[in-house]
Each structure stands twice: as structure tokens, then as C-alpha cells.
Amino acid sequence: MIDLRSDTVTTPSEAMRDAARDADVGDDVYGEDPSVNELEARAADLVGTEDALYVPTGTMGNQVAARVHTERGQEVLVERESHVYKWELGGLAQHAALQVRTLDGGSRGVPTPEQVREGYVEEDAHRPGTGLLTLENTHNSKGGVAIAPEKIDAAAEAAHDLGVPVHLDGARVCNAAVARDVPVSRFTEQVDSVMFCLSKGLGAPVGSMLAGTEEFVARARRTRKLFGGGMRQAGMVAAPGLLALDNVDRLAEDHDNAQVLAEELADVDGLAVQPPETNIVLVSTESAGRSADAFLDDCEDAGVLGTQFDAHVARFCTHWDVDREDVEAAAERIRDAL
Ligand SMILES: *Cc1c(COP(=O)(O)O)cnc(C)c1O
């Protein structure tokens, strides 16, 4: 089976397993795990912030950030197809008591400064006030598009002019950096916090990082504890995460493989393929009048796994555990199946 459901399906390398076994550990709730401390320092360095916090999942990172930046009952501006809105169980309402206001970020999934200004609500006797803007890069639902840093800056500056802080859901921000050929830190110049996943294309078995100022991270550390994310000898999973930080440049291979997969699938009758910018390939089955579900069933029978994104859209994701031969074989199997 060629598993293209997600870049989360990668299994840890031998080196990561060795690193886990040999990790220096301590009780991280007391701040005494040297592996976690090193990971947090190196992650902050990568994204260009004062400090960073190791969290079990990207979801927890986003939810902790929302809670820290806001007060109960405020509004949060989110892109209407964003992960934090669509795929986190309504956590913004559950964990931070926020009311969501959605913005349509168009095909690139990023709101314009004008949209941010229009979405902003000023606090008064009747209105709750806007407490946060969240952005996402790469934008998952839009097909892993790598949003230009200038677009992130512009939306963030518009929010800041209104006194609203900005959180970047950068689960795949390293993919964006590789695709745009800029340092990861270029995307964080105008935002107040960023989350990125170690457990996706970077290949770690577990974990994400939440980064920002020292003050933000100190508050996030307390909120992580509140959410049940204070882990003890977490160096066991942080040590493989340290190796994952070395895998940023390797993401280019995933992007090249996505390109090959897209080109091959574009030749298949009945499929419309969105040209990928990173490691995500969106395939529409609409013109053939077939549901994504039925298409994915056929793919599975032929030995290829993807995920359903929409009634007529399937997603295939390239990652560390599939190489060029695998994606070529996947395209061939899908072509034969159809
Ligand atoms: C995967 C993902 C997350 C959440 O990460 P988990 O570790 O799966 O909780 C958040 N945002 C985006 C854009 C993602 O793709």
C-alpha cells in the first residue's frame, strides 16, 4: 500500500529511535529535561523568536495560543477554511470561550488587510471586541499553498494597527519556507506567535512547537499545564524532534515528488489536478461526475491511500516514507484503476 493520506504517517527513522533511547531526560514540568530545553532553544532559533514551548500536538499549540492571546467572550478572526476553525473540534469556543468570525481568504487562504479591518469589531457596551487574528501557512485546505511572507505581514500589520495580536498556524511553515526559498523566520517577523509541527514532513513521531516572546511562552507554559499537556520525561520524544529540525531542507524532495505525482495524474481522464506548491496534491473528480469517496475507494483497491477533502476533492500528501518510485507507481495504479 502506498500511503499518501498525510505527512503524519511517517514512522521514526533508526536514528530517531536511537536518539529516543539515549536521550538525556529529566522532569520537564520542573524545566529539568535537557533534551526538551535544547529542542525549545533550537526551535526558537529556527523561527526567530525569543522562546518556544514543546507541545504534544499542533492542535494544542494553536489552542494554547488562542487562550493566551485573548479574553473570554472576545471574537477571533479566522480564515473560513482554516484548520483552527474546521478541524479542531470547535476548540476556540470550548477552550477559550471565543466567538469566531470567518474571513474568506480566497484561493490562497489569506485575508487582505481590508478584510481584516472589515472583520474587526471594536469593543463597546454591546460588542465583544476582536481579540485575535489567526493565519495559516502553508494553507492545508487550499492545497498546501505557500503564502508569500509579504501577505502574512500585510494582514498582521492591519491587525496590529487595530491593537489585535496575530497567531500563525504554521503546522507546515517549514514547507512554505522551502517552497519560497526564504528562512522560516521570514514568516514570523510580524506575528506574535507561531506553531509548527515536528510530526509532519519533518518526520518526528510526536510533537509541535509553539513560539513567541519570553512573556508569551511563560504564559503558554501555564496554559499547557492547564490543558493537561505538562509532560514529564518528555526528552524521550523531544530527542527525535531535535533530529527533525535538521530535516527542513529535505522537504524539497517531498515537493518534487508532489510535482511528479500531479503531472502524472493530470494526464488521467476525469481528474483535474491543482498544481502543487508544496507536498499536497488536490485532485478534483467533479468533471467526471464521481464523488471523491468513490474515487478513493478505487484508489485503495489499487493500493493507494488518500483522504477525502470535499465531496469531489481528494488529497494526496507526499512525505519522507515515499520516494520518487512510489509516487510514480501510485500514479500508474490510479490511472489503471480508472
Ligand atoms: C496538522 C495540522 C494542525 C494540527 O496538528 P496536530 O499535531 O495534528 O494536532 C494544525 N494546523 C494545520 C494547518 C495542520 O495541518
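Note that the structure is predicted; figures quoted are calculated from it, not measured.

Participant: Explain the overall build of the chain to me, please; I cannot follow it from the model alone.
Facilitator: Scanning the chain from terminus to terminus reveals 13 helices and 13 strands. Its C-alpha atoms give the chain a radius of gyration of 20 Å, near enough to 20 Å, the size a compact globule of 338 residues would have. Based on the C-alpha atoms only, the size of the chain along its principal axes is roughly 60 × 55 × 35 Å. With 338 residues in all, the chain has 53% of them scored as buried. Sequence-distant contacts in the chain: of pairs separated by 6 or more residues, those separated by 24 or more amount to 73%. When the 30 positive and 61 negative side-chain charges of the chain are each reduced to one mean point, those points stand 5 Å apart.

Participant: Teacher, can you tell me more about the site of the ligand here?
Facilitator: As a structural note, the neighbourhood of the ligand is formed by 14 residues, with G58, T59, D169, R172 and K200 the closest of them. A distance of 3.0 Å separates an oxygen atom of the ligand from a polar atom in the side chain of R172. If the ligand stood free it would expose 380 Å²; the protein chains cover 85% of that surface. Mapped onto the shell around the ligand, the elements with two or more residues apiece are α3 (58-69) and β7 (193-197). A total of 3 residues in the shell around the ligand trace back to one element, the largest contributor, which is α3. Here the residues of the shell around the ligand sort into 3 nonpolar, 6 polar and 5 charged.

Participant: I would appreciate a short explanation of the pairing of strand β10 (residues 280-284) in the present structure.
Facilitator: Regular strands have side chains that alternate between both faces of the sheet. Of all 5 residues making up β10, 5 are buried, and the element is well covered by its neighbours. A two-sided burial pattern is seen for β10, the buried positions comprising I280, L282 and S284 on one face and V281 and V283 on the other. As paired strands, strand β9 (residues 272-273) and β10 are joined by 2 bridges and run antiparallel to one another. Bridging across to β10, V273 finds its partner in V283.

Participant: Explanation requested: the environment of D310 in the structure shown.
Facilitator: You can see D310 is positioned in strand β12 (residues 307-310). The spatial distance from the C-alpha of D310 to the C-alpha of A204 is 28 Å, given a sequence separation of 106 residues.

Participant: Could you clarify how one ought to interpret the packing of α3 against helix α9 (residues 214-226) in this entry?
Facilitator: When two helices pack together, their arrangement is given by the angle between the helix axes and by the axis-to-axis distance. Relative to each other, α3 and α9 sit at 115°, their axes nearing to 9 Å. Crossing hand, α3 versus α9: right-handed. Packed against α3, whose contacting residues are M60, V64, A65, R67, V68 and H69, the element α9 presents F216, R219, A220, T223, R224 and L226 at the interface. For the contact of α3 with α9, the residue count by class is 7 nonpolar, 2 polar and 3 charged.

Participant: Honestly, the state of the cysteines in this entry has me stumped. Any pointers?
Facilitator: Each disulfide is one covalent bond, formed between the sulfur atoms of two cysteines. One pass over the structure, following the stated rule, counts 0 disulfides. Of the cysteine sulfurs around C197, a residue in no disulfide, the closest is that of C174, at 9.6 Å.

Participant: I tried to follow the pattern of salt bridges on my own but got confused; where do I start?
Facilitator: A full pass over the atoms with the stated rule returns 19 salt bridges. For R186, the salt bridge goes to E189, with nearest N and O atoms at 3.2 Å. For R186, a relative accessible area of 17% corresponds to the buried category. You can call E189 partly exposed: its relative accessible area is 49%. A salt bridge links R250 to D254, with the shortest nitrogen-to-oxygen separation between them at 2.8 Å. In this structure, R250 and D254 share a single accessibility class: buried.

Participant: I'm lost on the sheet that holds strand β13 (residues 313-317) in this one. Help?
Facilitator: For sheets, the rule is that strands pair by backbone hydrogen bonds, running either parallel or antiparallel. Within the open sheet, the 4 strands sit side by side as β9-β10-β13-β12. Their pairing is antiparallel. Each end of this open sheet is capped by a strand with a single partner; those strands are β9 and β12. Packed onto the sheet, helix α11 (residues 251-266) meets β9, β10 and β13 and runs at close to 15° relative to β10.

Participant: Help me out: how do you make sense of the sheet that holds strand β4 (residues 99-103) in this one?
Facilitator: Pairing in this open sheet of 7 strands is mixed, and the strands run β2-β8-β7-β6-β5-β3-β4 from one edge to the other. Strand pairing shows two members of the sheet lacking a second neighbour, β2 (51-55) and β4, which therefore form its edges. Going from strand to strand, the sheet's axes swing by 20° on average, the running direction of each strand aside. Two elements, strand β3 (residues 75-79) and strand β5 (residues 130-136), share 3 bridges in a ladder whose sense is parallel. Opposite V76, over in β5, you have L132 as the bridge partner.

Criteria and cut-off values
- Residues numbered from 1 in each chain as written.
- Predicted model: local features only at pLDDT ≥ 70, side-chain atom pairs only at ≥ 80, totals over all residues.
- Heavy atoms only, no water.
- Helix = DSSP H or I, 4+ residues; strand = E, 2+ residues; numbered from the N terminus.
- Rg over C-alpha atoms; globule rule 2.2 N^0.38 Å.
- Buried < 20%, exposed > 50% of the residue type's maximum accessible area, 1.4 Å probe, protein only.
- Contact = heavy atoms within 4.5 Å.
- Lys, Arg positive; Asp, Glu negative; His and termini not counted.
- Charge placed at Lys NZ, Arg CZ, Asp CG, Glu CD.
- Near = heavy atom within 4 Å.
- Polar contact = N/O pair within 3.5 Å; in protein donor to acceptor, adjacent residues only side chain to side chain.
- Areas by Shrake-Rupley, 256 points an atom, 1.4 Å probe, with all protein chains shown as cover.
- Nonpolar A, V, L, I, M, F, W, Y, C, P; charged D, E, K, R; others polar.
- Pairing = 2+ DSSP bridges.
- Axes fitted to C-alpha atoms, helices over the stretch in contact; angles between N-to-C directions.
- Left-handed = near helix turned anticlockwise from the far one by under 90°.
- Disulfide = S-S within 2.5 Å.
- Salt bridge = Lys/Arg side-chain N within 4 Å of Asp/Glu carboxyl O.

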